[in-house]
Amino acid sequence: MRNAVNNGVWSGTWVAERLGLELVGDDALPEMLGLALRRNPKRAHLLVSHVLGKHVPQSPAVVHGHGLALGRRVRELLGPEEAAKAVVLGYAETATGLGHCVADGVGVAPYLHSTRRPVPGVATAGGFEESHSHATSHLLLPEDPTLLVGDGPLVLVDDEFSTGNTVLNTIRDLHGRYPRGRYVVVALVDMRSGADAGRLDDFAREIGARVDLVATASGTVLLPEGVLEKGQALVARHEAEAAANGERSAAGSSGPVARFPAPPEDVAADARCDTPGAHPADDRTGQTPARGSATRVDLHWPRGLPDGGRHGFTPAHRDRLEAALPAMTARLAEAIPGDARSVLVLGFEELMYTPLRLARELAETVPAEVRYSTTTRSPVLAVDDPGYAIRSRIVFPAHDDPADGPGERYAYNVAGGGFDAVVAVVDSAADTPLLHAPDGLLSRLAAHTPHVVLAVVPSYVPEPLYAAALPEKRRLMLPEPLRGPAFSSYAPEEVGWLLQDLSDVTLEAPTEEREEAIQSGGAHYAESLPVEYQPSEQYQELFHAALQTSAERIAQAVGVVTETVIAERSPRPVLVSLARAGTPVGVLMRRWARFRHGLDLPHYAVSIVRGRGIDANALRWLAAHHDPRDVVFVDGWTGKGAITRELAAAIEEFEAGGGAAGFDPEIAVLADPGSCVRTYGTREDFLIPSACLNSTVSGLISRTVLRADLVGPDDFHGAKFYRELAGVDVSTDFLDAVAARFPEVAEAVGGAVKELLAGDRTPSWEGWAAVERISEEYGIHDVNLVKPGVGETTRVLLRRVPWKILARAGAGADLDHVRLLAGQRGVPVEEVGDLPYTCVGLIHPQFTRGATGADGKAVTV
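Not measured: the values here are computed from a predicted model. (Residues numbered from 1 in each chain as written. Predicted model: local features only at pLDDT ≥ 70, side-chain atom pairs only at ≥ 80, totals over all residues. Heavy atoms only, no water.)

**Focus: the overall build of the protein**
Counting its secondary structure elements, the protein contains 23 helices and 36 strands. Looking at the protein residue by residue over its 861 residues, the buried ones come to 59%. Across the protein, contacts joining residues at least 24 apart in sequence account for 77% of those joining residues at least 6 apart. (Helix = DSSP H or I, 4+ residues; strand = E, 2+ residues; numbered from the N terminus. Buried < 20%, exposed > 50% of the residue type's maximum accessible area, 1.4 Å probe, protein only. Contact = heavy atoms within 4.5 Å.)

**Some points on helix H8 (residues 227–244)**
Count 3.6 residues to each turn of an α-helix, and residues three or four apart come out pointing the same way. The terminal C-alpha atoms of H8, which comprises 18 residues, lie 26 Å apart, in line with the 26 Å expected from a rise of 1.5 Å per residue. Within H8 the residues assigned to the buried category are Val227, Gly231, Leu234, Val235, His238 and Ala242. Along the long axis of H8, the arc covered by the buried residues comes to 95°, so they all point the same way. Away from the buried face of H8 by more than 90 degrees, exposed residues Glu229, Ala243 and Ala244 are located. Buried residues along H8 sit against helix H1 (13–19) and strand S4 (33–37). (Expected span 1.5 Å × (residues − 1). Arc of directions from axis to C-beta.)

**Examining the pairing of strand S27 (residues 603–609)**
Most of S27 sits inside the fold, with 7 of its 7 residues counted as buried. Burial along S27 is two-sided: His603, Ala605, Ser607 and Val609 facing one way and Tyr604, Val606 and Ile608 facing the other are all buried. Note that strand S22 (residues 496–497) and S27 share 2 bridges and pair parallel. Residue pairing for S27: glycine 496 is matched across the bridge by tyrosine 604. Examined bridge by bridge, strand S26 (residues 574–579) and S27 share 5 bridges and lie parallel to one another. Across the sheet, residue serine 577 finds its bridge partner in S27, namely alanine 605. Both S27 and strand S28 (residues 613–614) contribute to a ladder of 2 bridges, which runs antiparallel. If you follow valine 609 over to S28, its bridge partner there is glycine 613. (Pairing = 2+ DSSP bridges.)

**What about the packing of aromatic side chains?**
Tallying each qualifying case throughout the model produces 12 aromatic pairs. Judged by centre distance (6.0 Å) and plane angle (70°), the ring pair of phenylalanine 313 and tyrosine 353 falls under edge-to-face. Here the residue phenylalanine 313 occupies a position in the loop between strand S15 (295–297) and helix H10 (315–335), and tyrosine 353 occupies one in helix H11 (residues 353–363), the gap between them amounting to 40 residues. Here phenylalanine 313 and tyrosine 353 have matching classes, each one buried. On the basis of an interplanar angle of 15° and a centroid distance of 6.4 Å, the ring pair of tyrosine 490 and tryptophan 497 is categorised as stacked. Each member of the aromatic cluster is reached from another via a ring pair, and the members are Phe487, Tyr490, Trp497 and Phe721. Across the ring face of tryptophan 803, the terminal group of lysine 804 is positioned such that the distance to the ring centre comes to 4.7 Å. (Phe/Tyr/Trp six-rings, centres within 6.5 Å; stacked < 30°, edge-to-face > 60°. Lys NZ or Arg CZ within 6 Å of the ring centre and 35° of its normal.)

**Re the pairing of strand S12 (residues 210–222)**
Here strand S3 (residues 22–25) runs beside S12; their pairing, made up of 4 bridges, is antiparallel. Paired with glutamate 22 across the two strands is leucine 222, which belongs to S12.

**Focus: the side chain of lysine 787**
With respect to the helices, strands and loops of the structure, lysine 787 is situated in strand S33 (residues 786–788). Every residue in contact with lysine 787, bar those within four places of it in the chain, is listed here: Arg610, Lys640, Glu792, Thr793, Val796, Arg800, Val840, Gly841 and Ile843.

**Some words on the sheet that holds strand S17 (residues 369–374)**
Sheet architecture is open: 5 strands sit in the order S15-S21-S20-S16-S17, paired in parallel fashion. Two strands bound the open sheet, and with one partner strand each, they are S15 and S17. Direction aside, the axes of adjacent strands within the sheet are offset by 25° on average. Here 4 bridges tie strand S16 (residues 342–347) to strand S20 (residues 421–427), and the two strands are oriented parallel to one another. By the bridge assignment, leucine 346 is partnered in S20 with alanine 424. Relative to S17, H11 is tilted by about 175°, and along the sheet it contacts S16, S17, S20 and strand S21 (452–457). (Axes fitted to C-alpha atoms, helices over the stretch in contact; angles between N-to-C directions.)

**Some words on the environment of tyrosine 722**
Here tyrosine 722 is to be found in the loop between strand S32 (718–719) and helix H19 (731–739). Along the sequence, tyrosine 722 and leucine 700 sit 22 residues apart, while their C-alpha atoms lie 5.3 Å from each other. If we skip the residues at most four places from it in the chain, tyrosine 722 touches Glu508, Leu529, Glu532, Ser695, Leu700 and Ser702.

**What to know about the environment of glutamate 684**
For glutamate 684, the location among the structural elements is in the loop between strand S31 (679–682) and S32. The class for glutamate 684 is partly exposed, based on a relative accessible area of 44%. Each C-alpha atom, one on glutamate 684 and one on proline 836, is 9.9 Å from the other, the two residues being 152 residues apart in sequence. What glutamate 684 contacts, discounting residues up to four positions off in sequence, is Arg553, Ala671 and Pro673.

Given below as structure tokens:
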């Protein structure tokens, strides 16, 4: 091992003298850091950590210990309660292992690291840029879509904290999606300049969150003017010299490169040079090792255990790894010669933690000295000088089919390390022909050690987003969603209707005729449509007054239900409204997500019919285009909970019939006065003005229709678009009036959501019990004819034959429109003292057109 200080020479001396750099700060810095030159147009120097296990082989106990110590400091800083809610996020590729170790030190925190490897079928939960890096794009691909959701602290781990740009980019991106009140930045070294030191505090004030910093050591590098150009010129000069001397064995003034055991004779027989562009400290032995000389060891990796934190790594995963390590390490030890004195465990780019843990366990198992480092995609100049941190490098082609295309990869300070055996640990995605090629990593390693051992860890890929996609033929039979302005008055991005357009079909029937047919069993309510109610001027005035009065209350409920969905169901939910009452609510939730989080959520409307279930073809379309686990069904309000039960039964039937699994039947509603669901904006029974009207507040779309002669087995349910009512359409007015109040209620929403998430929201179904009691008390004996709540009562007055209205004693302006409609239809309003709802609408029981009056006296009950 080459230490940061070697024979009295600091490993940053060579760079410091030639570029005029100066390292200032804690006394521990020279032991922790050396310097090298980047082959990078953005920054001249590279801080090379001697305790990270990336570029410099180090004792695995030292590497793991530094991360553990930082994690324990974070735990002390946060306290037990906050630490229990924390999530740790590490940076690819350099700090993936360090982040794991910090999570180990925190103890109870799940871990996720960013990645530059896209994984098909895994949704991206975020991303950010690392401005000074040679490869900038970071992806976040958690298997659990709720991992980054919540108000617990987010702990961000990097090997060094230099300008702060990477951290600020990360927090800016994540805070917009998953806001929280506290962040902790963790690094081995805090190397910010004086100019950068205050930026983190300013940023914290800007976003209204606390940001702490925990580091092992601190200091800065003083850079002279023109250092970037000087560094680039220095790199160019050394690489030109290397190109001119590429065929030589490379013994510069600093001494020979190859201080390793001589390769076998069969290796020397197949001599060749490395790729052009070599410099004296490159892997240029003039020899190519025997192919296939690595000994493969089957670790018997635990089934289903993630190989690292690319998709999330929980404390339970760590426990499984801990339990499996002794047996896996024993298998590695069997492949290492008993007389080996020095062994290197070499990880692979982002795969750092698993090799580190294997190396630490191996150090306790074999008598040899065990060191640990990993390969990297970072191009760094190598100079074999005691005052330079990167003494040698091995160059080989990328072997994991990287998304950004083929290229060189590197292993530093391995050549000349005198290792008797090297254990290469890669994931299965990297176990490709290029790994085993004549110029691949295994062959390059074999030039520098007599024993190469290969251990392959299965690349963990989360389960597919949905159970099974539809066959192509079946998928082509399902049309794309209908959108405005061709279908509905909503903007096309607001909602896609998974319906078929029946606008040209006459479906309307007189209300009394429909009611008689429905109650007699001669027809289902979804087989026809009521004649659209045309509101009087007085009624329209009531609607606008109600909207002005209730817009703020609705806006807060929208915010609460949306935040609850994002916190508990999915950070990027797919909103699926139950047409049509749910559609305006779904549009408003979509607008809130954009306002508060910058999210552009998909939103669809589907049909569900009492007694017939949800549109199965709509579910198939959703499963073919989205992860069913992200789908959140949305409705306006709950009455007695009939649709809640209908949806649960329909989803169960859909899955039992071979449909895609994963749909959650729990509905998210604006108001839950019946206490039927866990996800709601409020449980108050108040006027939602969209309940006052029919199509003219719902994008000019009718109720949904399900009739055998119109809807075939491969069709969506149907609906009509009432284009002719455009002159009285207030759909957009309603949305805009509520959305305009979002800024006013944002603070109140935050407090309400915290209180809601901490409370008991178990449905009591008290609404259903009240409906059953009313049904018997009033001699109706049919809960389907009892419609509780302001919204359902309004529907009774607009679309059914009402018998009477029960109103809670003292109910105020929320019932002005109900009283007006009841008066227009000659329906009595009866005040009741112990009503759990603001009002309840009773449909005329056993209705026939021969019945007279609204009191039901001519009806036998």
